[in-house]
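What the coordinates show
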Amino acid sequence: MPTIISAIPILSILISSGLVGCGPSGARLAAVDYTPLPGDDWKVSTPAEQGLDPRLVAALYDSAGELETLYGLLVIKNGYLVAEGYFNEGTVEQKALLQSASKSYVSALVGIALDQGCLSSVDQRMLDFFPESADQIADPRKAQITIRHMLQMRAGYPDEETDSAYLDALYWGEYLPLIIDFPLVSDPGTEFNYSNLTSNWLAMIVARACDMDLKSYAQKYLFSPMGAEVGDWLQDRDGHYIGSGGIHVTAREAARFGALYLNDGEYEGNQIIPADWVRDSLRTYSENARDYGMSVRFRDMGYGYQWWSARAGDHHFNFAWGHGGQLIVLLDELDMVIVTTADPFFGQHDGQSWKHEKAIMNLVGDFIRSLPKE
């Protein structure tokens with residue numbers, strides 16, 4: 001991992017501006033503007049009105065201005081949009097590619113499909129939904145893989161980034177044959193392996209079980225009920241909407257999805273996702289999940305149902321995470337959602353992309369660490 005040049009740490013800004021210890025006045029932070037933009041899709045407020053120290057928010061946005069690839073940064077507190085800013089190429093209308101944060105949306109669709117009866121149980125077998133592949137499977141362990149295993153990234157398929165051939169196959173985009181061709185690296189249910197293919201197959205299962213293409217299903221039962229509209233959604237070579245990272249939404253729409261999870265799946269009195277599914281999704285099933293060394297601020301990384309978990313300072317949180325620095329962070333104890341959108345570095349997995357992604361994660365981690373417990 002190359003040396004990382006990250007944003008100015010929030011604590012350093014507070015010290016240098018006189019908010020902590022000795023130093024010059026806080027004039028620099030007082031000049032930072034993070035006022036939410038006009039719009040009728042969010043109730044707006046100020047950090048102070050919602051019990052959040054505005055100096056900490058100003059420090060966050062001052063640091064954000066140092067980042068070269070950050071597009072959007074939003075803070076929601078107690079259901080109000082209290083801070084919003086766009087940087088570099090970002091705009092309020094921009095439908096950003098969420099990359100792997102899309103996995104958390106697919107998890108929501110699994111919960112909705114279960115609630116509607118398209119799926120009967122998370123213990124249904126993966127191969128039951130792929131009969132064209134079942135009789136070609138040589139490894140009998142693959143017959144044991146369940147939807148639960150897939151949601152938890154414990155199906156046994158490999159992390160594609162551990163082998164260049166696996167990564168090439170992922171980007172080739174023909175996924176059904178890989179159910180057969182890709183080897184298992186662990187017994188189903190035993191180990192965490194971050195497999196993008198597993199999320200792609202999970203998305204196919206929802207579409208097949210509900211007899212509707214995934215984008216249409218998501219728009220009808222997830223996006224429309226929360227007043228959002230999904231943008232482009234990447235497809236594989238066979239036309240399946242991919243589950244590993246293809247969704248485009250605005251930063252405000254991503255924040256609404258996060259708020260939906262903070263509110264136990266309810267939006268404006270409408271139960272969109274079952275509350276028990278939200279709770280099950282945000283539990284930690286794998287401790288010490290691989291974090292790729294991406295953040296020195298996010299500690300104790302874990303994994304639920306296509307959602308990550310971590311700690312920063314005194315705070316535990318869940319988050320959706322996509323390459324380049326796409327984050328939807330849920331701080332349940334503070335009733336807060338933090339969203340970042342950024343250059344997705346599509347198809348680019350190198351030191352440059354990881355450097356910028358790490359800087360964004362550390363920006364958010366520094367802010368979380370600065371927040372007092374309530």
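Residues numbered from 1 in each chain as written. Predicted model: local features only at pLDDT ≥ 70, side-chain atom pairs only at ≥ 80, totals over all residues. Heavy atoms only, no water.

**Focus on the packing of helix α4 (residues 102-116) against helix α10 (residues 214-223)**
Where α4 contacts α10, the axes come no closer than 10 Å and their chain directions differ by 75°. Viewed along their axes, α4 and α10 adopt a mutual orientation that is roughly perpendicular. Note on element contacts: α10 touches α4 through Leu214, Tyr217, Ala218, Tyr221, Leu222 and Phe223, opposite Tyr105, Ala108, Leu109, Ile112, Ala113 and Gln116. Split into classes, the residues belonging to the contact of α4 with α10 amount to 11 nonpolar, one polar and no charged. (Axes fitted to C-alpha atoms, helices over the stretch in contact; angles between N-to-C directions. Helix = DSSP H or I, 4+ residues; strand = E, 2+ residues; numbered from the N terminus. Parallel < 35°, antiparallel > 145°, perpendicular 65-115°, else oblique. Contact = heavy atoms within 4.5 Å. Nonpolar A, V, L, I, M, F, W, Y, C, P; charged D, E, K, R; others polar.)

**What about the pairing of strand β1 (residues 70-77)?**
Within β1, eight of the eight residues are buried, which leaves it mostly tucked inside the rest of the structure. Looking at chain direction, β1 and strand β12 (residues 336-342) are connected through seven bridges and run antiparallel. Across the sheet, the residue bridging to Leu73 is Thr340, located in β12. Examined bridge by bridge, β1 and strand β2 (residues 80-86) share six bridges and lie antiparallel to one another. Across the sheet, Val75 pairs through a bridge with Ala83, a residue of β2. (Buried < 20%, exposed > 50% of the residue type's maximum accessible area, 1.4 Å probe, protein only. Pairing = 2+ DSSP bridges.)

**Some words on the packing of aromatic side chains**
What the rule picks out here adds up to 25 aromatic pairs. The interplanar angle of 40° and the centroid separation of 5.1 Å between the aromatic rings of Trp277 and Tyr305 together place this pair among those described as tilted. A residue pair is termed long-range when its members are at least 10 positions apart, and Trp277 in helix α12 (residues 275-281) and Tyr305 in the loop between β8 (299-303) and β9 (308-312) qualify at 28 residues. Pair check on accessibility: Trp277 and Tyr305 agree, each one buried. An aromatic cluster of three or more residues is present, and its members are Phe192, Tyr194, Phe298, Tyr303, Trp308, Phe317, Phe319 and Trp321. Over the face of the ring belonging to Tyr80 we find Lys43, whose NZ or CZ atom lies 4.6 Å from the ring centre. Over the face of the ring belonging to Trp172 we find Arg237, whose NZ or CZ atom lies 3.5 Å from the ring centre. (Phe/Tyr/Trp six-rings, centres within 6.5 Å; stacked < 30°, edge-to-face > 60°. Lys NZ or Arg CZ within 6 Å of the ring centre and 35° of its normal.)

**Considerations on the nonpolar core**
Counting residues in hydrophobic clusters, the biggest one holds 80 residues, and the most contacted among them are Tyr105, Trp201 and Leu222. Setting aside anything within four residues of it in sequence, one finds Trp201 in contact with Met126, Phe130, Met150, Tyr157, Tyr175, Leu176, Leu178 and Ile179. Membership of the second largest hydrophobic core comes to 46 residues, among which are Val57, Ala59, Leu67 and Ala289. (Core = buried A, V, L, I, M, F, W, Y, C linked by side-chain atoms within 4.5 Å.)

**Examining helix α7 (residues 164-172)**
Every buried residue of α7 is listed here: Tyr166, Leu167, Ala169 and Leu170. Buried residues in α7, looked at end-on, bunch into an arc of 160°, giving them a common side. Turned more than 90 degrees away from the buried face of α7, the exposed residues are Ser164 and Asp168. The N-terminus of α7 is capped by Asp163, whose side-chain oxygen sits 2.7 Å from the backbone nitrogen of Ala165. (Arc of directions from axis to C-beta. Polar contact = N/O pair within 3.5 Å; in protein donor to acceptor, adjacent residues only side chain to side chain.)

**Quick notes on unusual backbone geometry**
The backbone phi angle of Gln99 is positive, close to 50°, even though this residue is not glycine. With respect to the helices and strands, the residue Gln99 is situated in the loop between β3 (96-97) and α4. For Asp335, which is not glycine, the phi dihedral falls at a positive 50°. Of note, Asp335 is situated in the loop between β11 (326-331) and β12.

Worth remembering: the numbers are spatial, not functional.
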